[in-house]
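A closer look at the structure
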Amino acid sequence: MAFEFTGKIDSATFVDRQNTIIEVLFKRDDKLHVYNLPVDYGAADFQEFLSEWSMEAVERETRVSRRLEDEAFDKLIQGRVAEELAKGQRLLDEQDKRRYAIANREMDIYKKKLEAEVDKTDKERYQLADAYKKQLEAEVDKTDKERYELVENYKKKLEADADEIDKERYELAEKYKQDLENKVDKNEQERIELWRLNNPISTPGVVPADLLMNADKFNDNKNFLFDLKLAMFEDPTIVAVKDKATKLSIRKAKSIYEVLEIYCKIKRLQVE
């Protein structure tokens, strides 16, 4: 299903700090339009968006956008502090100018009194400026802390989602591998059964117990080889083997000597 942004996406970023809404900018008639897209993997418009735009790209663009916003905010704060300091300095300069004019016209006693008042005013202004500076620093520290907590929470969420996805993929891969192995085992057994039906054994009196005396004679007899494999698979040692690759090598053996070599190797490992 096509949506108004399909095939026209210009950029996509998270608009909230919880990363639940994506602002999709798309072009239509050479103009940029906005589509606010909730993060909902079950929604049709979100699935359509993921078909042409990755979440990694959204996160990358969001980091860049937020970094620019943070830099602009820092510059704004610094500008306001500088503006207030400059304003305060201009006010002090004007007041000092008036004080000096009065001091030049008045007696020394009035000058001393004025200087005392100036000292008091300067101290109060300094205290006010220092208090304002501390307030700004506290607000900046609070904002930085909130941003750090948001980043950490989002990082933990991404790690948890990635672990869950990896677990599901591993389980699917293991199931697929098991199905393939079972299918190979079944196909191999069916081929041997079919060959046996089409090639009846010419010496039905021979059993696997005669192998040591008649190995050369029956080495190329497929029916005898098949019976020998069946006898091995009834051996408790072979039954106890959990490695499917080892059992598969027995089924794929092309001669009596080859299958006996595998059988002896398993027996030696069992004894050791």
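For the structure given in this document, a descriptive report is provided here. Source: prediction; values computed, not measured. (Residues numbered from 1 in each chain as written. Predicted model: local features only at pLDDT ≥ 70, side-chain atom pairs only at ≥ 80, totals over all residues. Heavy atoms only, no water.)

Some details on the sheet that holds strand E3 (residues 31-38)
In spatial order, the strands read E1-E2-E3; together these three strands make up an open sheet with antiparallel pairing. A single partner strand is all that each edge strand has here, and the edge strands are strand E1 (9-14) and E3. Averaged over all adjacent pairs, the angle separating strand axes in this sheet is 20°, with direction ignored. Judged from the eight bridges that link them, strand E2 (residues 21-28) and E3 form a sheet pairing that is antiparallel. (Pairing = 2+ DSSP bridges. Helix = DSSP H or I, 4+ residues; strand = E, 2+ residues; numbered from the N terminus. Axes fitted to C-alpha atoms, helices over the stretch in contact; angles between N-to-C directions.)

Section: the nonpolar core
One broad trend across soluble globular proteins is that nonpolar side chains are buried collectively. Of all hydrophobic cores here, the largest spans 16 residues; its most connected members are Ile 22, Val 24 and Phe 49. Elements represented by at least two residues in this core include exactly E1, E2, E3, helix H1 (44-50) and helix H2 (55-105). If we ignore the near neighbours within four places in the chain, the residues touching Ile 22 are Ala 12, Thr 13, Phe 14, Tyr 35, Asn 36, Leu 37, Val 39, Phe 46, Phe 49, Met 55 and Val 58. Counting 15 residues, the second-largest nonpolar core is a separate cluster that includes Phe 218, Leu 225, Ala 253 and Leu 260. (Core = buried A, V, L, I, M, F, W, Y, C linked by side-chain atoms within 4.5 Å. Buried < 20%, exposed > 50% of the residue type's maximum accessible area, 1.4 Å probe, protein only. Contact = heavy atoms within 4.5 Å.)

With respect to the pattern of salt bridges
Inspection of every chain in the model, using the stated rule, returns eight salt bridges. Here Asp 122 ties to Arg 125 by a salt bridge, and the two come within 3.7 Å at their closest N and O atoms. Here Asp 122 and its partner Arg 125 are both found in helix H3 (residues 108-198), three residues apart, which amounts to about one turn of the helix. We classify Asp 122 as partly exposed; its relative accessible area is 30%. When the shortest N-O distance is used, the salt bridge between Asp 179 and Lys 175 registers 3.3 Å. Placement of both Asp 179 and Lys 175 in helix H3 is noted, with a separation of four residues, approximately one turn of the helix. One continuous salt-bridge network, built from bridges that share partners, spans Asp 70, Asp 144 and Arg 147. (Salt bridge = Lys/Arg side-chain N within 4 Å of Asp/Glu carboxyl O.)

Some thoughts on the packing of aromatic side chains
Counted according to the given criterion, the structure contains seven aromatic pairs. Relative to Tyr 35, the ring of Phe 5 has its centre 4.9 Å away and its plane inclined at 65°; by these criteria the two rings are edge-to-face. Of this pair, Phe 5 sits in the segment before E1 while Tyr 35 is found in strand E3, placing the two residues 30 residues apart along the sequence. You'll find Phe 5 and Tyr 35 in the same group, each marked buried. Between Tyr 41 and Phe 46 the ring centres are 5.0 Å apart and the planes differ by 75°, which places this aromatic pair in the edge-to-face class. Members of the aromatic cluster, joined through ring pairs, are Phe 3, Phe 5, Tyr 35, Tyr 41, Phe 46 and Phe 49. (Phe/Tyr/Trp six-rings, centres within 6.5 Å; stacked < 30°, edge-to-face > 60°.)

Details of the packing of helix H7 (residues 244-252) against helix H8 (residues 256-271)
Put simply, H7 and H8 touch, their axes get as near as 8 Å, and they point 150° apart. Considering the angle they form, H7 stands roughly antiparallel to H8. The interaxial crossing formed by H7 with H8 has left-handed handedness. Packed against H7, whose contacting residues are Thr 246, Ser 249 and Ile 250, the element H8 presents Val 259, Ile 262 and Ile 266 at the interface. (Parallel < 35°, antiparallel > 145°, perpendicular 65-115°, else oblique. Left-handed = near helix turned anticlockwise from the far one by under 90°.)

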